[in-house]
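In case you want the letters, here they are:
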Amino acid sequence: MAEGAGGAAANGGSDEKVLDFLDSVDSYLTTMESLAPILRQGWFDLASARHSMGVFRVSSASLDLKDHSASTYLQMVGHESDDSFVGQPSFSLCKWASADNKSCCSEEEIPDSQLRHRGTSRLSENQEQNSNGDDSLKTVDDLVKKERAKTLSVFGTLVSPKLRTAQLSFETALEVLVEAANIRSSMLSAYSQVQKQMEDTREGEIGPIP
């Protein structure tokens, strides 16, 4: 009975790992599938901007090829050991980093100002927190708009609205790619667990070699 219970528990753990792997594969395929229409819309808006502004204004010749700090960069977090990452790494996108203080102005890091507050005795404190949250939201939003406008300033002072929407589309595509990278990391980790479980089961069935 004990061996049967142990085998059932092992099979249950193996099935759970397989389900995790299949879920991560489905999420990865769904995320990658959602990337195509975003890129298509971005290229369409860019083509519309070139048509309205002129091909000479919206071209690679207008880009500043001098060395400058990146406004958006990718961060990878993992367990580092002997100059290698062990375990499941995770990725995060730091968008619109200010060139002055190197801090991120990503809209995902904005604290939620719409908090649920309980009790009437703390009404003034809650109002102050809401005010601070609104100020923080406005400040970060202004910084993001400033960095976006600064990026498009290489094409002139007045740019087509289609160029701005193309910028947003490609920015969204970057976020989707980072999300896909995290899902792929989870998928590979789940696959490694399933493969290890299969090897352990195979060794248990064969038994020790005399």
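Just so we're clear, the structure is a prediction, and the values are computed from it rather than from any experiment.

Enquirer: Can you explain the overall build of the chain? Please cite residues and give values.
Expert: Per the secondary structure count, the chain includes three helices and two strands. Scanning the chain from its N terminus toward the C terminus, one meets helices and strands in the order α-β-β-α-α. With 210 residues in all, the chain has 21% of them scored as buried. Long-range pairs, those at least 24 residues apart, make up 67% of the contacts in the chain between residues at least 6 apart in sequence.

Enquirer: Mind laying out the nonpolar core, listing which residues take part and the relevant values?
Expert: Counting residues in hydrophobic clusters, the biggest one holds seven residues: Ala49, Met53, Val58, Leu152, Phe155, Val159 and Leu163. In this structure Met53 touches Val58, Phe155, Leu158, Val159, Ser160 and Leu163, once residues within four positions along its chain are discounted.

Enquirer: Describe a nonpolar patch on the surface, naming the residues involved and giving the relevant values.
Expert: On the surface, Val18, Leu19 and Leu22 cluster together into a nonpolar patch covering about 250 Å² of accessible area. The topology assignment puts Leu19 in helix 1 (residues 2–53). On the accessibility criterion, Leu19 (51% relative accessible area) is exposed.

Enquirer: Can you tell me about the side chain of Ser24, naming the residues and giving the values?
Expert: Turning to its location among the elements, Ser24 is positioned in helix 1. Residue Ser24 is classed as buried on the basis of its relative accessible area of 9%. In terms of polar contacts, Ser24 uses its side chain to reach the backbone carbonyl oxygen of Phe21, at 2.6 Å. The residues contacting Ser24, other than those within four sequence positions of it, are Ile183, Ser186, Met187 and Ala190.

Enquirer: Got a sec to walk through the environment of Ala149? Specific residues and values, please.
Expert: You can see Ala149 is positioned in helix 2 (residues 123–152). Assessed through its relative accessible area of 47%, Ala149 is described here as partly exposed. Spatially, the C-alpha atoms of Ala149 and Val159 are 9.5 Å apart, while their sequence positions differ by ten residues.

Enquirer: I'd like to hear about the pattern of salt bridges, residue by residue, with values.
Expert: Counted under the stated rule, the structure contains four salt bridges. A salt bridge links Lys95 to Glu171; its shortest N-O distance comes to 2.8 Å. In this pair, Lys95 is assigned in the loop between strand 2 (84–94) and helix 2 and Glu171 in helix 3 (residues 161–206), connecting sequence segments 76 residues apart. Shared partners join several salt bridges into a network, and the residues in it are Lys95, Arg148, Glu171 and Glu175.

Enquirer: Give me the lowdown on the packing of aromatic side chains, citing residues and values where you can.
Expert: By the definition in use, this model includes two aromatic pairs. With 5.7 Å between their ring centres and 45 degrees between their planes, Phe21 and Tyr191 make a pair best called tilted. Of the two residues, Phe21 is situated in helix 1 and Tyr191 in helix 3; the sequence distance between them amounts to 170 residues. Look at Phe21 and you get partly exposed, because its relative accessible area is 21%.

Enquirer: An account of a negative patch on the surface is needed here, citing residue identities and associated values.
Expert: On the surface, Glu16, Asp20, Asp23 and Asp26 cluster together to form a negatively charged patch. Mapped onto the elements of the fold, Asp20 is located in helix 1. A relative accessible area of 41% means that Asp20 is categorised as partly exposed.

Here is what the cut-offs are and how they apply
- Residues numbered from 1 in each chain as written.
- Predicted model: local features only at pLDDT ≥ 70, side-chain atom pairs only at ≥ 80, totals over all residues.
- Heavy atoms only, no water.
- Helix = DSSP H or I, 4+ residues; strand = E, 2+ residues; numbered from the N terminus.
- Buried < 20%, exposed > 50% of the residue type's maximum accessible area, 1.4 Å probe, protein only.
- Contact = heavy atoms within 4.5 Å.
- Core = buried A, V, L, I, M, F, W, Y, C linked by side-chain atoms within 4.5 Å.
- Patch = residues over 30% accessible without salt bridge, like charges linked within 9 Å, V, L, I, M, F, W, Y side chains within 5 Å.
- Areas by Shrake-Rupley, 256 points an atom, 1.4 Å probe, with all protein chains shown as cover.
- Salt bridge = Lys/Arg side-chain N within 4 Å of Asp/Glu carboxyl O.
- Polar contact = N/O pair within 3.5 Å; in protein donor to acceptor, adjacent residues only side chain to side chain.
- Phe/Tyr/Trp six-rings, centres within 6.5 Å; stacked < 30°, edge-to-face > 60°.
- Lys, Arg positive; Asp, Glu negative; His and termini not counted.
- Charge placed at Lys NZ, Arg CZ, Asp CG, Glu CD.

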